[in-house]
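Report on the structure
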Amino acid sequence: MTTLLICLPLAAALIVWVLPMNPVSAGSLALLAALAEVGVWIQLLVRYDFAQGGLQFSDRHTWFSDLNVSYHVGVYGFSVWLVGLTVVVMAATIAYGFWAGRERLRAYMGLMLFLNGAIVGVFVAQDLLLFYAFFEAMLIPLYVLVGVWGGPGRMGATLKFILYTMAGSLLMLASIVVYGLSQHTFDLTQIGESSSQWIFLGFVAAFAIKAPLFPLHGWLPDAYRESSPEVAAVLSGVVSKAAAYGFLRIAVAKFPGPAHDFRAPILALAAVGLIYGSLLAFRAPDLRGVIAYSSLAQMGLITMGVFAVNDLGLDGSVLQMVNHGLVSATLFLLAGMVERRTLTGELGRLGGMARGRPALATVLLTTGVIALAVPLSSAFAGEFLILAGVFQRGWGWAVAGAVAIVLAAMYVLRLVSAVLHRDVGPAVSDSALDLRPAELGVTVPLLACLLALSVWPAAITQHSFRGDHGAADVAAQFK
Amino acid sequence: MTALLGPEISWYLAVSGFLFATGALGVLLRRNPLIVLLSLEIMLNGGNLALIGFSRNLGDGGGQIFALAVMAVAASEVVVGLGLVVALNRKRVTLDVDRLNTLRG
Amino acid sequence: MVYGAWICLLSPLVAACAITLGGTRQSRRAAGYLATASCFVAFAGAVAAFIGLLGRQGGDRQIISTAWTWITGGSYQSGLQILIDPLSVFMMLVVSGVGALIVWYSIGYMDGDDEERRYFAYMALFVFSMLLLVQAGNLLLLLAGWGMVGLSSYLLIGYWHERPSAVAAAKKAFVMNAIGDATMALAFFLLIQKGNSLEFGILGGQFSSTVANLVALGLLGGAVAKSAQIPLHTWLPDAMEGPTPVSALIHAATMVTAGVYLIVRTHAIFEQAPKIADLAAGLGALTLLVAGLIALVQVDIKRVIAYSTMSQIGYMFVGAGVGSYPNAMFHLMTHAFFKALLFMAAGIVIHALVNEQDIRKMGGLRQLAPKTYWAFLIGSLALVGIFPFAGFFSKDSILAAAMAHGGWYGYLLWAAGLIGTLLTGLYTFRLFFIVWWGEPSAFVREHFHPLRRDVVGISLAIPVGVLAVLSVVGGWIQFSPWWHPVETWLQTVAEPLVSPESWQEWLSIALSLLLGLSGIAVAWSIYGAKRLAVPRIAWAQRTLEHKFWFDEAYDAVFYEPAVFFANLLRRGIEEPIISDSGRDLGDDTRDLGGLVARAQTGLVRTYVLAIASSVAVLAVVFVIVK
């Protein structure tokens, strides 16, 4: 079933690219494939045995036997949730892209489907070279999607994005090769732990650029500003989680010694990113800027959770990965909807949109309120767990997190007020209608997932890692 | 094999080295491309001599055959080189290797 | 009984969801009825829970009902659970009862507003959040209710979102509450680290004094922010931007009293950290004096009542801080009655005067709105604590408890409370005489229009009437020297630390009554009979008008530096990283390429030399290695 999850979107991408069809058919086929993917995932979710945990639905075929490289895919408890996040967000973004009517829709849909398959591959790959292949495969469609369908500054944004990511990936490749050769296998389920700091740093560099972690975030603002809203949603919601997943699955699980030695500097960078991102989001002049910097802050928080390496931190970070993915995707889609109506994202030119647009106001306000982690929301649950976990590694980190709680309130409320409240802005005209049924159909399911998680966050936190409560031994999870 | 006649191998090597060194110095120090090509030939021949000397010494025919191959290569390389020099001359370009640097990076 | 408690909690939530999803398909009035009905159903559920508890013996009165596990983190877990015990039932009754009356009143008050449905959805959400807060079975869920209450407050203060002042006030309220949330969260992290649980029971566990002090301090931070005590009080006056019923419900009767509830609920840890408890009482005393002074110069009818709320909550903090928990809760209840009454009566006045709130334009309304006049008078007398009205019974027992706390600190608190009584009499009746006595002002004669006699009028009148009755008789439940059922009821949850002697009680009663009456007398002679003039001390006037410069101070210390720092970061770090990093990457790569390209000189000689030297080096290396 795991291979089906990867191949279904790839096959659909091929069909969309190769067969001659008009844009409507291409879009419908893509949407159908995305929804079918969600269906397959639901089946996976239902059939995964959470009581037992561990690697399930695994599929293994040898690739190079002399180096012990294989095609090995499978899911753990927490990867089930991350794959779920991917397929749900991709379905919503494909639907929105179809409805918004991008040019050259066939190529666009094919690329989105390919991206879908590549990201799912990252989360289920259990072989280092396969992981690397999928990690790089994510970049190809993104390069084209941002570079062709992006805004006016797209070439610079794409170039920066690719340069940064490739630099990290090359370091990761070096690490993979050295690690795999020294252990005589590339299979993540068989490879032993290593105490080499250089290999660890090679992996950390790649993931730190992808996440991104301060100060390697130079590609972030432009990439998020210039891409089309649904691509930004995927970038911020899902692709960044691939980096967090990498931190968890490889960096922390396989390098416990170096993870312990480097914990303080990495937590420091993450905490700085959290506060820095929040402060910059507070003063960002445009919609996309606020969401982009808040994304930087949240990834800092998630990284803090991962590197706390205890039950609270890890459970919290998995929950927060899913939360932030959904929230960020919804926010970017909403930003796209507002930009479509007002032809600008600048907060100074917006305002008063709540009048006469109850659906937009309700959806934006609800999403914003969850984004700032109002207590009782799932984002609060994740944030609370992460900070409780990090607190046990040093009270200073939790204090930084607490400051970020206040800052998050400030920047989200500023965003909401600037768009919805006060006087009607110069860019808002009466022809800017309320959310159409299709737009509601894209954002409301995402919100519904968030609200469901808010009612029962234990769905994720209790079902991510093996049931040895009290065990802070991450590596043991993967045996 | 019967007793070898003639000088010992060291004499052959000495002459070969002398030829090689002369050729090398010529390649490095002379400015006219024709002279450089000439010196190159002398270097090649020095190498050939060493090959043949060892071939005789060790009783292995491979050295002599390889010397023939070297001569073939030398001939083809001279054709190309001389052709270049003649073309340069026709274009009235100075025949001075220190001044021919259009292929710089 | 357990069902009753769950129904109490969930009924307003169901109403809020129904109104939100119903959208424009339902009429505005229907939304109002739905919200009101849900609150009355909640009250019925609370009564059922109360009766159920009455049937049990003292020690048996604690039931925890868990719906499901909400969150886990390794061995730590918290469930979605509600607690039914005397304290929570007490609060449930107050919140749902007063809430139902105020939501009913809103039907009349908000009639004609464009977005009534949104209003009632938010009000129902608020009532749910407040009930979640008081019924929470563990600290995490309490924090969840705490945050949701802050959210509802933001939504309701900023209800008229076309007004920039309302939007700004809403944001300020939320951010200051978020500061409280953050300190509470830090306290919880410490508790998880030491006890791995956030059940209420672990607060009774043994902690080192540092840990106890830190936890109590974190909880106090949250309480101070939510209850608008100094230093986190500046949001409350601005919150008057919201509609008057909102001020009545959230900023008088329920939300702002949540801080007092928190201290009483978590009293076990405050008892382990007596210095922090003293700090709580001290902040309460400071607030009651400062707020009382500021109320003397306010000209907006709602702001006077808002500062009076701040001041009265100061009394409750003094009560809770010295350990007189039942009295603090009793004063919470009576305060809910008369403060909501005052706000609602003020609301009727505001409505009648086409939304004018400046008291300088009012005057002589006594003849024009006689029933409202009596309601306002009852509320004011209850507030000052005049026998036989509600405030008399509750406030004085707090003063006696402060005296019984002992030491110079107890007497200091007691003196502050007494001065506060004088101030209360002064500012309350200043407001009363200015608005109601004298001749009708020009503005009043032009604009006044009486209440209608239809659904709107009824919905405005009856809740006010009910609360007026409660303000008269509600206090008789407990008279500390003689009978105290409230104390007995709450004893199993929060045993009071102090029991004042009879003479302390009677002395406090006598002095407080005396000072209250003197305050009224002074106010009468200045504003009623106009015999004296207000003393004009310029610097005092200016300081009070600027509310002791707190807003300006916070702006300078927190807001401006945050903006400055953020801009600095953007210009100094972010722009270089983003723009320059891309450009530098390109430039550096080109430079590196240029450097390498210098090896290609184009001269045959160089290349030959390179080959020759490398061969020589290799030969040497081989010879040596061999």
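Cut-off values and rules
Residues numbered from 1 in each chain as written. Chains lettered and ligands numbered in written order. Predicted model: local features only at pLDDT ≥ 70, side-chain atom pairs only at ≥ 80, totals over all residues. Heavy atoms only, no water. Core = buried A, V, L, I, M, F, W, Y, C linked by side-chain atoms within 4.5 Å. Buried < 20%, exposed > 50% of the residue type's maximum accessible area, 1.4 Å probe, protein only. Helix = DSSP H or I, 4+ residues; strand = E, 2+ residues; numbered from the N terminus. Contact = heavy atoms within 4.5 Å. Buried area = accessible area lost by both parts, 1.4 Å probe. Salt bridge = Lys/Arg side-chain N within 4 Å of Asp/Glu carboxyl O. Polar contact = N/O pair within 3.5 Å; in protein donor to acceptor, adjacent residues only side chain to side chain. Axes fitted to C-alpha atoms, helices over the stretch in contact; angles between N-to-C directions. Parallel < 35°, antiparallel > 145°, perpendicular 65-115°, else oblique. Left-handed = near helix turned anticlockwise from the far one by under 90°. Nonpolar A, V, L, I, M, F, W, Y, C, P; charged D, E, K, R; others polar. Domains from an automatic or database assignment.

1. Re the nonpolar core
- Counting residues in each nonpolar core, the largest one holds 414 residues, and the members touching the most others are A:Phe203 and A:Phe384.
- Per element, the largest residue contribution to this core is 20 residues, and it comes from helix α14 (residues 325-352) of chain C.
- Once residues within four sequence positions are removed from consideration, A:Phe203 is found in contact with A:Leu128, A:Met172, A:Ser175, A:Ile176, A:Tyr179, A:Ile250 and A:Phe255.

2. With respect to the interface of chain C and chain B
- In this assembly, nine residues from chain C lie in contact with 13 residues from chain B.
- Among the residues chain C hides against chain B, the three largest losses belong to C:Gly602, C:Leu603 and C:Arg605. Together they make up 54% of the total.
- At the surface where chain C touches chain B, the tally comes to one salt bridge.
- Joining chain C to chain B, the criterion identifies one residue pair in polar contact (both at pLDDT 80 or more).
- A total of four residues in the side of chain C that touches chain B trace back to one element, the largest contributor, which is helix α24 (residues 604-625) of chain C.

3. Comments concerning the packing of helix α4 (residues 105-124) of chain A against helix α9 (residues 229-254) of chain A
All names here are of chain A.
- For the pair α4 and α9, the least separation of the axes is 10 Å and the interaxial angle reads 15°. As far as their axial angle goes, α9 and α4 are roughly parallel. For the pair α4 and α9, the crossing hand works out as left-handed. For the pair formed by α4 and α9, the contact residues are Tyr-108, Met-112, Leu-115, Ile-119, Val-122 and Phe-123 on the first element and Glu-230, Val-231, Val-234, Val-238, Val-239, Lys-241, Ala-242 and Tyr-245 on the second.
- The class makeup of the residues in the contact of α4 with α9 is 12 nonpolar, no polar and two charged.

4. What to know about the interface of chain C and chain A
- Residue-level contacts link 58 residues of chain C with 60 residues of chain A.
- Between chain C and chain A, roughly 4900 Å² of surface is buried when both sides are summed, and carbon and sulfur atoms account for 75% of that area.
- The largest share of the area that chain C buries against chain A comes from C:Trp70, C:His161 and C:Phe189, three residues that together contribute 14% of it.
- At the boundary of chain C and chain A, one finds zero salt bridges.
- At the junction of chain C with chain A, the criterion picks out seven residue pairs in polar contact (both at pLDDT 80 or more).
- Secondary structure elements with two or more residues in the side of chain C that touches chain A: β1 (63-73), β2 (76-84), α4 (116-135), α5 (139-157), α6 (164-195) and α23 (550-597) of chain C.

5. Regarding the domain arrangement of chain C
- Segmenting chain C into domains produces domain 1 (340-545) and domain 2 (553-625).
- Each of domain 1 of chain C and domain 2 of chain C has a C-alpha centre, and the two are 74 Å apart.

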